[in-house]
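For reference, the chains in residue letters:
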Amino acid sequence: MTWRRLARWVAWVGGSGLGVLLLSLGTLCLTSGCSSVGYLWQSAGGHLSLLHSARPVNDWVQDPQTDAALRERLQLSQRMRDFAIQELDLPDNRSYRRYADLHRGAAVWNVVAAPELSLTLQTWCFPVVGCVGYRGYFDEAAAQTAGDALRTEGLEVSVYPVPAYSTLGMSNWLGGDPLLNTFIRWPEGELARLIFHELSHQVVYAAGDTAFNESFATTVEQIGAQRWLNRFGDEAARREYAALEQRRQDFRALTGRTRAALLALYASPLGDEAKRQRKAALFAQMRADYAALRDGPWQGFAGYDRFFSQANNASLGVLGAYLQWVPAFQALFLQEGENFPRFYAAVQRLADQPKPERERALQALMPAAAASAATSKEP
């Protein structure tokens, strides 16, 4: 998910030797403050510990101590992995062929922050990785402490769990990105989505363009999961996925409306106090609309309660990256005849362009996406 560039730096560290690592951290201590050194040490150590905790899936399947439910999910994951290669043309490598139980509820916890009257996320800069709009921690308490420090600076902060992240294939020499206990027991369609999403990042990746990368991976996950369920899912799995997807669309529509209203508000000539009052009203309306969804069409499903109770500029600021260009990528997939190799090649050509040109090309695809929505068939 959004922690990938730091993971890529960790993979680079693992292959370049301790001397280069110490030199990089020493330089950082001189230029950016020694507190950043501790952060990068925990990042490197946490990632390597995660990789070293993993064992081949077949070992878990054959282990008599593995419970039957986990064994079934691991076997299902391998069928999905094969499907990703054969039907979605995703990489055939060591990723998701191993499994690790981290004995915690998330792979990492991300910390994001934004000003009181803006959805623009705070950024942090590091050697090799560059500047990113989050900090990832392998320990939840450390993430909460970092969030508290940002709040003392007057920023709005969100600390949220991340079930998985991609190293863009950079850690395949260490065994690849593993399956984790943080998501292995998810509903069938959701498990397929995650595997396909993370593998997509190994196909095309545009450095420094989170919206492009996440929208592309989200498009592949949506198409892939639906194709998987159409072919292999039973009726119960398809119904469960349809219900989850409807709630997801409702959530995105509601938060998208609120984001758009806040962006317009923050860009308006109103004074700060007037903006604060209007902001409070917008958040109150969003929460009321959510309650109506939860208690009405969602029939009491409360899975988004925590998000809406804690929603702020930071949490809403994160959401746009995963969806901004999805309609454009869907249109491009149709233009390329729903052929994955051709689609990936076209996406790579976009990634190779300078960011302004890439965004103009994606914007030009958006009307095509809207026009084709009514006639396109299910993937």
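Please read these numbers as outputs of a predicted model, since none were measured by experiment.

Rules used in this analysis
- Residues numbered from 1 in each chain as written.
- Predicted model: local features only at pLDDT ≥ 70, side-chain atom pairs only at ≥ 80, totals over all residues.
- Heavy atoms only, no water.
- Buried < 20%, exposed > 50% of the residue type's maximum accessible area, 1.4 Å probe, protein only.
- Helix = DSSP H or I, 4+ residues; strand = E, 2+ residues; numbered from the N terminus.
- Pairing = 2+ DSSP bridges.
- Expected span 1.5 Å × (residues − 1).
- 1 Å grid on protein atoms, 1.4 Å probe; cavity = no way out; pocket = protein on both sides within 12 Å on 5 of 7 lines; lining within 4 Å.
- Points joined across faces, edges and corners; volume = space filled by probe spheres on them.
- Nonpolar A, V, L, I, M, F, W, Y, C, P; charged D, E, K, R; others polar.

S.K.: Could you give me a rundown of the pairing of strand 7 (residues 156-162), with the residues and numbers involved?
M.R.: Burial of strand 7 is extensive: 5 of the 7 residues sit out of reach of the surface. The pairing of strand 3 (residues 108-114) with strand 7 spans 7 bridges and is classified as antiparallel. What sits directly across from Ala 114, in strand 7, is Glu 156.

S.K.: Which residues make up helix 8 (residues 210-232), and what values go with them?
M.R.: With 23 residues, helix 8 ought to run about 33 Å at 1.5 Å a step, and its terminal C-alpha atoms sit 32 Å apart, in line with that. Counting buried positions along helix 8 gives 18 out of 23 residues, so the element sits mostly inside the fold.

S.K.: Would you mind going over the sheet that holds strand 1 (residues 55-56) in detail, with residue names and values included?
M.R.: Pairing within the open sheet is mixed, and its 3 strands lie in the order 1-2-8. The open sheet is flanked by strand 1 and strand 8 (179-180), the only strands paired with a single partner.

S.K.: Pulling in residues and values, what's your account of empty space enclosed by the protein?
M.R.: Taken as a whole, this structure holds 1 cavity of 30 Å³ or more when the rule is applied. There is about 60 Å³ of room inside the largest cavity. His 47, Leu 50, Leu 51, Tyr 96, Ala 164, Tyr 165, Thr 167, Asp 177, Pro 178 and Leu 180 are the residues that line the largest cavity. Ranked by residues supplied to the lining of the largest cavity, first place goes to helix 3 (residues 34-52) with 3 residues. Here the residues of the lining of the largest cavity are counted per class, giving 7 nonpolar, 2 polar and 1 charged.

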